[in-house]
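Breakdown of the fold
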Amino acid sequence: MSSPITLTGDQIAQYEANGYLVVPDLLTSDEVSTFLTHEQDPATEKLRNGLSTHLTDSAWDYLARHPNVAGAASQLIDGAPRIVQTMYLAKAPAKDGKKKGGAGVAMHQDTHYLPTEPNTLMACWIAMSDTDAENGGLWVVPGSHKTNLRDTHLNRDSEEHASWVTDHDMKSADGREWTQKFYSFTIDGIDQEDLVPLTVPRGAGVFFTSMTIHGSYANSSQDRARLAFAVHYVRDGSWVQRRDVQETTLVESYSL
Ligand SMILES: O=C(O)CCC(=O)C(=O)O
């Protein structure tokens, strides 16, 4: 039996300095293939459960609890992680003479979407295909987690980035309840020169904080899908304000 990945002090220092960390080989090639085959099976459709598919689909639960993923997350948040949400983010290539395929997610900080008390939210974004700037890979602003939550506006360019508006029921840790408007947040006045494209090979992952500015653009390759699985965690003891994802799952053990 092999041992799960343990991050080095240097990797943890990089995460703290830059607000993100790329870690190779979180998943084996077989683990990625098993998930992709599962996703192609029409029977998986009935297992979908919005942002909580890890609660209804064991293949999603497997990735969200994976020792290399949840174990590294526990090192980075310095405590036991609770799974808040899971997403499979598949962007098709640009086909049939079109310039753009599947749309990206406009530049944001995850706290825009998932306010928590205290703010211990973090993500692991796992590449399920080779990803880079051309096929809609992840972009980050290194060091941006050291600034405040930035002001945003609604993204309206639906060719490059998804565009939507929705309301969510909210509840604070002290019992206050309200409804809040969420939309495809785009950070105001972002300097394009601060954005860095990441090249993340299949099976590798990017850990990033909830304050790290990140996002992606549309897939402009003609033949390469951009596939990614993202899991968001909070440290045990944190409160998630959005009611639709308040049923969090504690990950207690990280052995392979
Ligand atoms: O996969 C993408 O393009 C963006 C993902 C993202 O914003 C996230 O996982 O928080």
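In short, a report on the structure.

Some remarks on the nonpolar core
- Counting 58 residues, the largest nonpolar core has V69, A73, M122, I126, V206, F207 and V231 as the members making the most contacts within it.
- Of all the elements, strand β13 (residues 226-235) adds the most residues to this core, at 7 residues.
- For I126, the contacting residues outside a window of four places in its chain are L26, L27, L63, V69, G205, A228 and F229.

Looking at the sheet that holds strand β15 (residues 249-250)
- Pairing in this open sheet of 6 strands is antiparallel, and the strands run β1-β11-β4-β13-β2-β15 from one edge to the other. Edge positions in the sheet fall to β1 (20-23) and β15, since each of these pairs with one other strand and no more.

Some points on the site of the ligand
- Around the ligand, the neighbouring residues are L89, G104, V105, D110, A123, W125, L138, H214, G215, S216, A228 and A230.
- For the shell around the ligand, the elements supplying multiple residues, two or more each, are β4 (122-127), β12 (214-216) and β13.
- A total of 3 residues in the shell around the ligand trace back to one element, the largest contributor, which is β12.
- Taken together, the residues of the shell around the ligand break down into 7 nonpolar, 4 polar and 1 charged.

A few points about the pairing of strand β2 (residues 81-91)
- The pairing of β2 with β13 spans 10 bridges and is classified as antiparallel. Its bridge partner being in β13, Q85 is matched across the sheet by H232.
- Sheet topology places β2 next to β15; 2 bridges connect them, and they run antiparallel. Pairing of R82 across the sheet is with L250, part of β15.

Rules behind the numbers
Residues numbered from 1 in each chain as written. Predicted model: local features only at pLDDT ≥ 70, side-chain atom pairs only at ≥ 80, totals over all residues. Core = buried A, V, L, I, M, F, W, Y, C linked by C-beta atoms within 7 Å. Buried ≥ 20, exposed ≤ 12 C-beta atoms within 10 Å, placed from the backbone. Helix = DSSP H or I, 4+ residues; strand = E, 2+ residues; numbered from the N terminus. Contact = placed C-beta atoms within 7 Å. Pairing = 2+ DSSP bridges. Near = placed C-beta within 6 Å. Nonpolar A, V, L, I, M, F, W, Y, C, P; charged D, E, K, R; others polar.

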